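So the chains spell out like this:
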Amino acid sequence: MKAPFITFEGGEGSGKSTQIALLNQFLLSKGIDVVVTKEPGGTPIGLELRKLLVQGSADKMDANAEALLFFADRRIHMTQKVWPALKEGKWVISDRFADSTTAYQYYAYDKRLSKENIEMLYRFSVGDFKPDLTIILDIDPEIGLARSFKKASTMDVQETRNEKRVLQWHKNLRLGYLEIARNEPDRCSVLNADQSVESLHSDIVKLIQERFGL
C-alpha cells in the first residue's frame, strides 16, 4: 500500500490539533513513519505567510487575496514537504489542505469568490493530486468559537483573525464543509467533534483502521 496523505478539516475550535497529535501517537505505536504538518505554515516560508493570514484584523484583505496567499503556501508545502515525504513512503497528516480554501474563501464569504477560480488555482498549484482521506471535524460554531478563544487566551501569539468574524460567517463555513463532504463522500468523512477527546479519537482510529487495513 502506498503511503497515504490524510488531511484534517473543520471550523475554529473543532479540535484538529489535538486529534492529529493523538493519531500520530497511534500510528507511531504501529511502527508507521509519519510526518505531521499544517497549512499554512508547514515550511519556513509558510510560517511567514501564516502570520499574514491568521493574525491581525479580519478585514485587512479580501477573499481573493487570501486565496492567492493560501495557494502560494500550498505549492511550497507540497513541493518541499508533502510530496518528498510520500515518495519516501512516509504517511503524511496535514492540519488543513485545499478544502479549507474552498470552505473559508468561498463558502464562508457567501460565495463572493468564484469557485472556478479556486479550482483553477488548485490545478495550477497541485495538479490532480488529492488526499487519500479527509477527516472533517464538525461542530456547532458557537461551541467551537468558545473553545478557540479559550485556547487563544493561553497563547503568546494571537491567531484569532478568523475568530473575530461574525457568527453567520462561521455558520456558512460549517455548511460549506458539509457540502464538500456530500460532494466527495469517498474521500471525506464527517465526524462529530462535540464529544470527549477520547471518544473522538476512538472514532478516528476506527476510521483509519477500516480505510487502510491496520
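Residues numbered from 1 in each chain as written. Predicted model: local features only at pLDDT ≥ 70, side-chain atom pairs only at ≥ 80, totals over all residues. Heavy atoms only, no water.

## As for the overall build of the protein chain
Item 1. Of the regular secondary structure elements, the protein chain holds eight helices and five strands.
Item 2. Listing the helices and strands of the protein chain from first to last along the sequence gives β-α-β-α-α-β-α-α-β-α-α-β-α.
Item 3. At 16 Å, the protein chain has a C-alpha radius of gyration in line with the 17 Å of a compact globule built from 214 residues.
Item 4. In terms of overall dimensions, the protein chain has C-alpha extents of about 45 × 40 × 35 Å along its principal axes.
Item 5. Taken across its 214 residues, the protein chain has 52% of its residues classed as buried.
Item 6. Long-range contacts, defined as pairs at least 24 residues apart, comprise 79% of the intrachain contacts of the protein chain with a sequence gap of at least 6.
Item 7. Accessible surface, the protein chain as shown: approximately 10400 Å² in total, 52% of it carbon and sulfur.
Item 8. On the protein chain, the mean spot of the 30 positive side-chain charges and the mean spot of the 30 negative ones are 2 Å from each other. (Helix = DSSP H or I, 4+ residues; strand = E, 2+ residues; numbered from the N terminus. Rg over C-alpha atoms; globule rule 2.2 N^0.38 Å. Buried < 20%, exposed > 50% of the residue type's maximum accessible area, 1.4 Å probe, protein only. Contact = heavy atoms within 4.5 Å. Areas by Shrake-Rupley, 256 points an atom, 1.4 Å probe, with all protein chains shown as cover. Lys, Arg positive; Asp, Glu negative; His and termini not counted. Charge placed at Lys NZ, Arg CZ, Asp CG, Glu CD.)

## As for the packing of helix α2 (residues 44-54) against helix α3 (residues 63-87)
Item 1. At a closest axis distance of 9 Å, the pairing of α2 and α3 adopts a crossing angle of 160°. Compared by their axis directions, α2 and α3 come out roughly antiparallel. Of the two elements, α2 crosses α3, and the hand of that crossing is left-handed. Facing I45, G46, L49 and L53 of α2, the residues of α3 in contact are E66, L69, F70, A72, D73 and I76. (Axes fitted to C-alpha atoms, helices over the stretch in contact; angles between N-to-C directions. Parallel < 35°, antiparallel > 145°, perpendicular 65-115°, else oblique. Left-handed = near helix turned anticlockwise from the far one by under 90°.)

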